[in-house]
Amino acid sequence: MIRESTPGDLQGLLELYTHLHETSLPEDSEHLRNTWASICTAPGYHIIVCEEEGQIVSSCVCIIVPNLTRNVRPYALVENVVTHSGFRGRGYATGCLDYARKIAEQADCYKMMLITGSPSESTLRFYRNAGFSGEGKTAFYQLLHFSPDN
């Protein structure tokens with residue numbers, strides 16, 4: 001089942017993120033709980049999850065960004081695309097991205113974009129097959145306050 005996350009999904013998401021790039025679960029803290037509460041109530045912030053037998057097995061984040069260009073149409077940012085390593089190849093991440101695209105279309109976004117740090121040809125092919133293009137744009141990013149935990 002693909003759906004938007006609910007406040008009760010925090011632990012499942014944190015566990016799933018260990019299949020993305022996290023190496024451990026963050027410490028339960030006021031900062032973590034406040035961040036989660038902020039995410040859950042932020043307008044335009046969508047965490048899409050795929051659940052199988054009560055376990056979150058795939059997810060992505062879709063953020064709708066208001067914009068003053070392109071006829072004042074917003075755009076969507078997609079981040080943290082991940083599938084549990086034991087559930088890959090079943091179309092779950094594609095389903096999450098399709099759900100994100102529907103959110104972006106309903107918000108009248110003129111584009112949806114993501115950046116991947118993976119050089120893996122299978123990952124790049126996955127994004128191309130999901131409708132994303134690596135042609136015609138150049139992505140740049142800057143890590144801020146980098147530490148080994150980021």
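## Quick notes on the side chain of Arg3
Now for step 1: Structurally, the position occupied by Arg3 is in strand E1 (residues 2-4).
Now for step 2: Its relative accessible area of 15% is what places Arg3 among the buried residues.
Now for step 3: Engagement of the side chain of Arg3 in a polar contact is seen with the side chain of Glu51, the distance being 3.3 Å.

## A few points about the environment of Arg88
Now for step 1: Topologically, Arg88 is positioned in the loop between strand E4 (75-83) and helix H3 (92-106).
Now for step 2: On the accessibility criterion, Arg88 (46% relative accessible area) is partly exposed.
Now for step 3: Taking C-alpha positions, Arg88 is 8.6 Å from Ser58, a pair spaced 30 residues apart along the chain.
Now for step 4: Once residues within four sequence positions are removed from consideration, Arg88 is found in contact with His19 and Thr83.
Now for step 5: Looking at Arg88, its side chain comes within polar contact range of the main-chain oxygen of His19, at 3.0 Å.
Now for step 6: Within the structure, the side chain of Arg88 is placed 2.8 Å from the backbone oxygen of Thr83, a separation counted as a polar contact.

## Digging into a nonpolar patch on the surface
Now for step 1: Residues Ile115, Tyr141 and Leu143 make up a contiguous nonpolar surface patch of about 370 Å² in total accessible area.
Now for step 2: Relative to the helices and strands, Leu143 resides in the segment after helix H4 (121-129).

## Here we look at the sheet that holds strand E2 (residues 45-52)
Now for step 1: As summarised here, the arrangement of the five strands in space is E1-E2-E3-E4-E5, forming an open sheet in which the pairing is mixed. Both outer strands of the open sheet, E1 and strand E5 (112-114), are each paired with one neighbouring strand and no more. Within the sheet, the average angular offset between the axes of one strand and its neighbour, ignoring direction, is 30 degrees.
Now for step 2: Pairing between strand E3 (residues 55-65) and E4: seven bridges, direction antiparallel. By the bridge assignment for E4, Ser59 is matched with Val82.
Now for step 3: Taken strand by strand, H3 contacts E1, E2, E3, E4 and E5, and its axis lies near 25 degrees from that of E3.

## Digging into the pairing of E2
Now for step 1: Judged by how many residues are buried, E2 sits mostly within the fold: six of eight residues are covered.
Now for step 2: In terms of strand pairing, E1 meets E2 through three bridges, oriented antiparallel. Of the residues in E2, the one forming a bridge with Arg3 is Val49.
Now for step 3: Where E2 lies against E3, eight bridges are found, and the strand directions are antiparallel. Within E3, the position partnered with Tyr45 by the bridge is Ile63.
Now for step 4: Between the antiparallel neighbours E2 and E3 lie two residues, among them Glu53 with a positive phi of about 50 degrees.

## With respect to the layout of surface pockets
Now for step 1: Each pocket or cavity is described by its volume, and for the largest pocket that value is around 1800 Å³.
Now for step 2: If you go around the largest pocket, you meet 50 residues; those closest to its centre are Leu20, His21, Glu22, Glu79 and Asn80.
Now for step 3: Within the residue set of the lining of the largest pocket, elements represented by two or more residues are helix H1 (10-16), helix H2 (30-41), E2, E4, H3 and H4.
Now for step 4: Among the elements that make up the lining of the largest pocket, the one with the highest residue count is E4 (six residues).

Conventions adopted
Residues numbered from 1 in each chain as written. Predicted model: local features only at pLDDT ≥ 70, side-chain atom pairs only at ≥ 80, totals over all residues. Heavy atoms only, no water. Helix = DSSP H or I, 4+ residues; strand = E, 2+ residues; numbered from the N terminus. Buried < 20%, exposed > 50% of the residue type's maximum accessible area, 1.4 Å probe, protein only. Polar contact = N/O pair within 3.5 Å; in protein donor to acceptor, adjacent residues only side chain to side chain. Contact = heavy atoms within 4.5 Å. Patch = residues over 30% accessible without salt bridge, like charges linked within 9 Å, V, L, I, M, F, W, Y side chains within 5 Å. Areas by Shrake-Rupley, 256 points an atom, 1.4 Å probe, with all protein chains shown as cover. Salt bridge = Lys/Arg side-chain N within 4 Å of Asp/Glu carboxyl O. Pairing = 2+ DSSP bridges. Axes fitted to C-alpha atoms, helices over the stretch in contact; angles between N-to-C directions. 1 Å grid on protein atoms, 1.4 Å probe; cavity = no way out; pocket = protein on both sides within 12 Å on 5 of 7 lines; lining within 4 Å. Points joined across faces, edges and corners; volume = space filled by probe spheres on them.

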